[in-house]
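Report on the structure
The lines below spell out each chain.
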Number of protein chains: 2
Amino acid sequence: MSINSILCRDLGLKYPIFQGGMAYITTGVMAAASSNAGGLGLICSSGLTAQQVADEITAAKRLTDKPFGVNLMLQSPEIEQILQIVIDTKIPVVTTGAGDPTPFMPALHEAGIKVIPVIPHVKAAVKAAKAGAYAVVAEGTESGGHVGDMTTLALVPQVLAAVDIPVLAAGGIADGKSLAAMLLLGAAGVQIGTLFMVADECPIDNAFKQQILQAADTDTIVTGRGTPHVVRSLKNSMSLKYAELEKQPGTQAERDKLADKALLKAVRGDMDGGCLMAGQISGLIKHGGSIASIMQQLMNEAEAALAGANKLLD
Amino acid sequence: MSINSILCRDLGLKYPIFQGGMAYITTGVMAAASSNAGGLGLICSSGLTAQQVADEITAAKRLTDKPFGVNLMLQSPEIEQILQIVIDTKIPVVTTGAGDPTPFMPALHEAGIKVIPVIPHVKAAVKAAKAGAYAVVAEGTESGGHVGDMTTLALVPQVLAAVDIPVLAAGGIADGKSLAAMLLLGAAGVQIGTLFMVADECPIDNAFKQQILQAADTDTIVTGRGTPHVVRSLKNSMSLKYAELEKQPGTQAERDKLADKALLKAVRGDMDGGCLMAGQISGLIKHGGSIASIMQQLMNEAEAALAGANKLLD
């Protein structure tokens, strides 16, 4: 028994699960592990030079013969070179974030690359579909890291009603029942971030993993509302201080200093000064394991939920 | 074929759908219509005197012999008298909002009334369960009106993992697939607000209904973050002005004036000065109809989704 999704057929995946691109976290090693486990691994280009992206792609290719993708951070100063590397290395699929992907889509399409923008609202989904996107990831505000306003449950049905391309659901998904629920809603698959952060193969410091495993439901905070950098992270000294400063006009410089390299600090184990980007679903995550075991458990739960759905009827 | 839910068996309902209590909106007439349609109608006590609550109960009893409930606004100055009326009129079930329900629960339980607190996070759910709540409504931030921080998709599984009582999902649900998705997640049923606001029996001004029917996904705004009155409403002169004032210190008096009776104004048709409380799912709602027809469509879609869930498997 397995899940019948167009994503699996079109992208050559066993499971309709994307491992979301996360800056400094989803390296070539991690993306390869996700792809070997049956999902789609995604190398995140954010924070990397073009050469570093090339190196991560090489590392991933050494570890898997399965398809994997690259998450393009469109504001990257080296975006043009990164694009060329993705084309030259015949990456089959990219996701995009942090900006309008449509100017980059013709070159990617010419190279036969499927483009899947991560979108926060219907308007962006419609624009992407019109520009020929293969699919979109509809990402809710419960996600970790940079977020929009719409929640996953409110966003996914509205995007599905607006576009004719596959829609993946992202944000708030860390178990197989939630995956099954999103498929029932009409999503072709899901993108998962926070859950994979506690995986063995994830290169973040163990202290960061423990913070996620010990988090309660209300332990995340959103900072930067009303700016282009709206970020959800776990509450800690850094994020609470940032939120305090937001109430005080004229503290932008101090805030910028706090936020400088803050995700990288968290990845390296600075639990006070780092920005512990993670989603609201952290509170549901109680154990780690290999990416393969996490993926397998997701699928077992999802398949059981779908197979048993008619038992909810009399 | 129908949905097999403990809520239906325990509360004598045909469908596991609560019509959420909404101040100035869910009158006795509307609650009776919801109960006659097979769900649980709820009279909202918010903004009503004890005598008015009694009158609404009388009105509902004239129109239905089906069970209906009362949504208790716990901050009401007449909460003690309202409680007594609910007990005297043998209301079988109450939902609670705006405060800690546990001090009121012994009296309600002694009268044989089932108590179902609306909760925004796990801690409140656990406290309610310990105090003997029959169930909880886990309400996500995508809802209209007063909201918490957690999204429905992140909240519901975490509440389900923390309590052993039935959990209803609320926020972001306006079609049958979403209802089915919540049942698959483990919810015993759903509470729905915004969708019922466009129903024929809903007493809000037609102009307000049209605003919901014409809304896009991103047309709601949250005001009052960081205060006890966090409210989601449609963007209009009033809410945008309020949000502007929030950026200016020392404008609390001006904000209070803007917010004064603002929901009531909206209900009566003031589309500029009113607070058009509605959820993020407004953008999915494209037509009204009777509560019975809306409820029937929800159920038909949900039953079809659950019956067909195994087709998502190979």
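About the thresholds
Residues numbered from 1 in each chain as written. Chains lettered and ligands numbered in written order. Predicted model: local features only at pLDDT ≥ 70, side-chain atom pairs only at ≥ 80, totals over all residues. Heavy atoms only, no water. Phe/Tyr/Trp six-rings, centres within 6.5 Å; stacked < 30°, edge-to-face > 60°. Lys NZ or Arg CZ within 6 Å of the ring centre and 35° of its normal. Least-squares fit on C-alpha atoms with pLDDT ≥ 70 in both. Contact = heavy atoms within 4.5 Å. Salt bridge = Lys/Arg side-chain N within 4 Å of Asp/Glu carboxyl O. Helix = DSSP H or I, 4+ residues; strand = E, 2+ residues; numbered from the N terminus. Pairing = 2+ DSSP bridges. Axes fitted to C-alpha atoms, helices over the stretch in contact; angles between N-to-C directions.

Per an unreviewed UniProt entry, chain A goes by Probable nitronate monooxygenase and derives from Candidatus Avidehalobacter gallistercoris.

Observations concerning the packing of aromatic side chains
All chains considered together, the criterion is met by zero aromatic pairs over all chains. Looking at K114 of chain A, its charged tip hangs above the ring of Y134 of chain A, at a distance of 5.5 Å from the centre.

Looking at the relation of the copies chain B and chain A
Superposing chain B onto chain A takes a rotation of 180° plus a shift of 0.0 Å along the axis, which leaves an RMSD of 0.0 Å. Seen this way, the second copy is the image of the first under a two-fold rotation axis. Within chain B, A181 of chain B has its C-alpha nearest the rotation axis, a separation of 2.2 Å. Mapped onto chain A, 100% of the interface residues of chain B again fall at the interface, so both copies present the same surface.

Examining the pattern of salt bridges
Side chains that carry opposite charge are capable of pairing whenever their charged atoms lie near each other. All names here are of chain A. Inspection of the entire model under this criterion finds seven salt bridges over all chains. With a shortest N-O distance of 3.9 Å, K241 and E254 are connected by a salt bridge. One end of the pair, K241, is in helix α11 (residues 237-246); the other, E254, is in helix α12 (residues 252-259), with 13 residues separating them in the sequence.

Brief notes about the sheet that holds strand β7 (residues 145-146) of chain A
All names here are of chain A. Taken together, the three strands give an open sheet; going across it, the order is β7-β11-β10, and neighbouring strands pair in antiparallel fashion. Every other strand in the sheet has two partners, leaving β7 and β10 (220-223) as the edge strands with one partner each. Here β7 pairs with strand β11 (residues 231-234) via two bridges, running antiparallel. Among the inter-strand pairings, G145 is bridged to a residue of β11, identified as R232. Relative to β10, α11 is tilted by about 40°, and along the sheet it contacts β10 and β11.

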